[in-house]
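Structural overview
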Amino acid sequence: MSIDLNTAKQELLKLKEEYETRIDKIKDHIQNPQDDLNEHWEDQAIAYRQNDMRTNLMGEARQSLMYVENALSRIENGTYGECEVCGEHIEVQRLQALPYATLCMKHAE
Ligand SMILES: [Zn+2]
């Protein structure tokens, strides 16, 4: 049994939007730190650390977005749901939990 591509696509489009919104929000925070809860920051050092953290978060969100976009293009070219190592179908439960998985359970470890 393989996963329903329409369902997977809907799921991926939802994730794509989520990550894009998250990236925009983080970008906003980095560019306009004065909008933030400044009163809770004891000094600039903390503010800098907050921005470091945000830059990391943004990196992660960008990477996830890239995975999602890759998965969407795999749906388009018909290779969605195939393990990149062995070419077998990735387990349906795994794809439901992680719609942009590129490896089967065996090879994800
Ligand atoms: Zn595999």
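Presented here is a report on the structure given in the accompanying data block.

**Observations concerning the coordination of the zinc ion**
A four-donor tetrahedral metal ideally has 109.5 degree angles, and a six-donor octahedral metal ideally has angles of 90 or 180 degrees. In this structure, Cys83 (SG), Cys86 (SG), Cys104 (SG) and His107 (ND1) serve as the protein donors to the zinc ion, at separations of 2.0 to 2.3 Å. Classification of the site at the zinc ion rests on its four donor atoms, whose angles at the metal span 97 to 118°, yielding the label tetrahedral. For Cys86, a relative accessible area of 33% translates into the label partly exposed.

**Overview of the packing of aromatic side chains**
Within this structure, the stated rule accounts for one aromatic pair. Between the aromatic rings of Tyr67 and Tyr100, the centroid separation amounts to 5.8 Å while the plane-to-plane angle is 10°, which identifies the pairing as stacked. With Tyr67 in helix H2 (residues 44-77) and Tyr100 in the loop between helix H3 (92-97) and helix H4 (105-108), this residue pair connects regions lying 33 residues apart in the sequence. Overall, Tyr67 belongs to the partly exposed group, its relative accessible area being 36%.

**Focus on the nonpolar core**
Ranked by size, the top nonpolar core spans 22 residues in total, and within it Leu12, Tyr19, Val68, Tyr80, Leu95 and Tyr100 carry the most contacts. Those elements that provide at least two residues to this core are helix H1 (5-31), H2 and H3. Looking at this core element by element, the count peaks at seven residues for H2. Every residue in contact with Tyr19, bar those within four places of it in the chain, is listed here: Ala61, Ser64, Leu65, Val68 and Tyr100.

The rules behind the values
Residue positions are counted from 1 within each chain, in the order its sequence is given. Local features in this predicted model are restricted to residues of pLDDT 70 or higher, and side-chain atom pairs are both shown and tallied only at a pLDDT of 80 or more, whereas totals for entire chains, interfaces and linings draw on every residue. As a rule here, side-chain values come from all non-hydrogen atoms in the structure, and water together with hydrogens is ignored. Metal donors were taken as nitrogen, oxygen and sulfur atoms no farther than 2.8 Å from the ion, or 3.2 Å where the ion is Na, K or Ca. Water is excluded, so coordination may look unfinished. Under this scheme a four-donor centre is tetrahedral when all angles range from 85 to 135 degrees, a four-donor centre is square planar and a six-donor centre octahedral when opposite donors are above 155 degrees with the rest from 65 to 115, and any other centre is irregular. Relative accessibility thresholds used throughout: buried, under 20% of the residue-type maximum; exposed, over 50%; partly exposed, between the two (1.4 Å probe, protein chains only). Only Phe, Tyr and Trp rings take part, Trp by its six-membered ring, and two of them pair if their centres are within 6.5 Å. Stacked means planes under 30 degrees apart, edge-to-face means over 60, and tilted covers everything else. Per the convention used, a helix needs a DSSP run of H or I reaching at least four residues, while a strand needs a run of E reaching at least two, with both numbered from the N terminus. Only buried residues count toward a nonpolar core, which is a set of Ala, Val, Leu, Ile, Met, Phe, Trp, Tyr and Cys residues joined through side-chain atoms within 4.5 Å. By definition in these notes, contact holds between two residues if any of their heavy atoms fall within 4.5 Å.

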